[in-house]
Amino acid sequence: MATEFHNLQELRHSASLATKVFIQRDYTEGTVCKFQTKFPAELDSRIERSLFEDTVKTLNNYYAEAEKIGGQSYLEGCLACATAYVIFLCMETRYEKVLKKISKYIQEQNEKIYAPRGLLITDPIERGMRVIEISVFEDRGSSGSSSGSSSTSSSSGR
Amino acid sequence: MKNCEYRQIEPQGLGTPNAAPPPPAGANDADTRAKRRRKWEVFPGKNRFYCDGRIMVARQSGVLPLTLGLIVLTSCLFFVFDCPFLVEHVTSCIPAIGGALFAFVIISLLQTSFRDPGILPRATADEAAYTEKQIDDSASSSYRPPPRTLEVIINQQVVKLKYCFTCKMFRPPRTSHCSLCDNCVERFDHHCPWVGNCVGKRNYRFFYAFIVSLSFLTAFIFGCVTTHLTLRSQGGKGLITAVQESPPSCTALELIVCFFSVWSILGLSGFHTYLVASNLTTNEDIKGSWSGNSGVQNTVNPYSYNNIFANCCAVLCAPLPPSLIDRRGFLPTQESPPAAQPQVELPVFVGKSDLTVV
């Protein structure tokens, strides 16, 4: 059922949530933030494998960039120590800058690729950087109810 | 209204009387009457929040007031009683150095105490259900399975991830659940009562800066007080007279506090310097996770870069990750998970109250 949702608002209001898929963290390289690129079975019919893998790989690259220990992070660390860490109150750290880039990227991916296929990616930062939550929506454009759970309970009550 | 009272009397209705009566009207009134709540107000862990969520401490502040009090008191006594004499007889840099050290110590202490140490937010209901399903799919028995662990391989080392029953998730590596704060903390080092907070990924560098600068400060004050007394007694008056001249209780107090502090704080700094250089946490060191004590042979620390400089940089100069709990964010005003439950139970209550009324 490939129905066209024209924008994210339409997706949220006219579709009902079928299931959620959680992409777990990949800890093989230690505690760095990296997500598994294994393609979940639930998305088999909804999105092409290559698009999904591209999204996860790009996110992993962004997180690696944020957590990279190199020249800039040493400078930030030394400067912060010299100013008794007061500078953290005034300055936005590199990590925060990259997180903003990530949320823009996720929004863009949702608008261009995932929403047209009835999927929605939640920014991992909202889930404690533990999972990438992908909400899978069913095509229920004709039901007109905004919340799937209330419609099912009212129907069972009657 | 009678229906509401009947629902309240019924035992099953005790949990949901507030939500069961007209939800749409009630919700709107609540929204307009009260302002939107922030997430820190419903935080499940045992933490206290101040300044509208900007500052957080553990529920039991431990001996943080004592720590602050001791440091401030000793430093004030130093500045008031020793500095004037030393400026006159030695050098005028002494108050400047003392002041800089004191400021650094207080700022590091406050940064350690009031920052989020790296708390992991608890799993959402959907995520917990998904994880449960994954565990149940892999376990075939019908009774409750044994403590759940997940094995991952990090740098050719097998690491077991434990399932946290409170937070309903598999703990990432190096994460531990603090029972005092009731939170899972990333790269958990220890819960420090002196600082009144857990020490974890986000505030370890401040904690390290605090103990190192405090050891310098106490050593500096100890040295200055000793110099002060020596110089006074060298003026031909003898040590007893010297102690009697400068207010005796103050000097004695400074000496005692600094003497005991120097050894303990210096020891702690040395221990933590060793931990930083080998990229270990206090938790791992105490449990002997990587020293082969747990019975598994050939265990090495998989997180270490095997280079002291690289380890120090990784621990102290790595980019500071943001707080994951978003304590100042606003709660969503509608479609919150608890609202779904009374709506599901609603038909049952409607049926029962109809029966009782009739």
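Cut-offs applied
Residues numbered from 1 in each chain as written. Chains lettered and ligands numbered in written order. Predicted model: local features only at pLDDT ≥ 70, side-chain atom pairs only at ≥ 80, totals over all residues. Heavy atoms only, no water. UniProt positions renumbered as here; feature names shortened; annotations may be inferred. 1 Å grid on protein atoms, 1.4 Å probe; cavity = no way out; pocket = protein on both sides within 12 Å on 5 of 7 lines; lining within 4 Å. Points joined across faces, edges and corners; volume = space filled by probe spheres on them. Nonpolar A, V, L, I, M, F, W, Y, C, P; charged D, E, K, R; others polar. Pairing = 2+ DSSP bridges. Helix = DSSP H or I, 4+ residues; strand = E, 2+ residues; numbered from the N terminus. Axes fitted to C-alpha atoms, helices over the stretch in contact; angles between N-to-C directions. Phe/Tyr/Trp six-rings, centres within 6.5 Å; stacked < 30°, edge-to-face > 60°. Buried < 20%, exposed > 50% of the residue type's maximum accessible area, 1.4 Å probe, protein only. Lys NZ or Arg CZ within 6 Å of the ring centre and 35° of its normal.

As recorded in an unreviewed UniProt entry, chain B goes by Palmitoyltransferase and comes from Scleropages formosus. As recorded by UniProt, the Catalytic activity (unreviewed entry) comment attached to chain B reads in full: "L-cysteinyl-[protein] + hexadecanoyl-CoA = S-hexadecanoyl-L-cysteinyl-[protein] + CoA". As recorded by UniProt, the Sequence similarities (unreviewed entry) comment attached to chain B reads in full: "Belongs to the DHHC palmitoyltransferase family."

Per an unreviewed UniProt entry, chain A goes by the name Golgin A7 family, member Ba and belongs to Scleropages formosus.

> What's the story with empty space enclosed by the protein in this structure? I'm lost.
Summary: where empty space remains is shown by rolling a probe the size of a single water molecule over the atoms. Evaluation of the coordinates by the stated rule reveals three cavities of 30 Å³ or more. Put simply, the largest cavity is a space of about 140 Å³. By residue class, the composition of the lining of the largest cavity is seven nonpolar, three polar and five charged.

> Looking at this structure, I do not really get the sheet that holds strand E1 (residues 16-24) of chain A. What am I missing?
Strands pair in a sheet through their backbones, by hydrogen bonds, and they do so in one of two ways: parallel or antiparallel. All names here are of chain A. Strand order in this open sheet of three strands is E1-E3-E2, and the pairing throughout is antiparallel. Because the sheet does not close on itself, it has two edges, and the strands there are E1 and strand E2 (119-122). For this sheet, the mean inter-axis angle between neighbouring strands, taken without regard to orientation, is 25°. Note: E2 against strand E3 (residues 131-138), four bridges, orientation antiparallel. By the bridge assignment for E3, leucine 119 is matched with valine 136.

> Explain the sheet that holds strand E7 (residues 176-178) of chain B to me, please; I cannot follow it from the model alone.
Residue and element names in this part refer to chain B. Taken in spatial order, the three strands line up as E3-E8-E7 in an open sheet, and their pairing is antiparallel. Edge positions in the open sheet fall to strand E3 (119-120) and E7, since each of these has one partner strand only. Bridging between E7 and strand E8 (residues 183-185) involves three bridges; their strand directions are antiparallel. Paired with cysteine 178 across the two strands is asparagine 183, which belongs to E8.

> What's the story with the packing of aromatic side chains in this structure? I'm lost.
Between two aromatic rings, the relevant description is the distance of the centres plus the angle of the planes. Residues and elements named next belong to chain B. All chains considered together, the criterion is met by 15 aromatic pairs over all chains. Ring plane angle 70° and centroid distance 5.9 Å describe the contact between phenylalanine 78 and phenylalanine 220, whose orientation is recorded as edge-to-face. Of this pair, phenylalanine 78 sits in helix H3 (residues 64-89) while phenylalanine 220 sits in helix H6 (residues 204-237), placing them 142 residues apart in sequence. In this structure, phenylalanine 78 and phenylalanine 220 share a single accessibility class: buried. Ring geometry for tyrosine 204 versus phenylalanine 207: centroids 6.5 Å apart, planes at 40°, classification tilted. Taken together, the residues tyrosine 204 and phenylalanine 207, both in helix H6 and three residues apart, mark about one turn of the helix. Clustering of aromatic rings is evident, with ring pairs tying together Phe78, Phe79, Phe102 and Phe220. Note that arginine 187 overlies the ring of tyrosine 204, its terminal NZ or CZ placed 5.4 Å from the centroid.

> How should the pairing of strand E4 (residues 149-154) of chain B be read in this particular structure?
Residues in a regular strand project their side chains so that they alternate between the two faces of the sheet. Residues and elements named next belong to chain B. Judged from the six bridges that link them, E4 and strand E5 (residues 157-164) form a sheet pairing that is antiparallel. Each bridged residue has a counterpart across the sheet, and for isoleucine 153 the counterpart in E5 is valine 158. Following E4, the chain reverses through two residues before pairing antiparallel with E5; asparagine 155 in that reversal takes a positive phi of roughly 50°.

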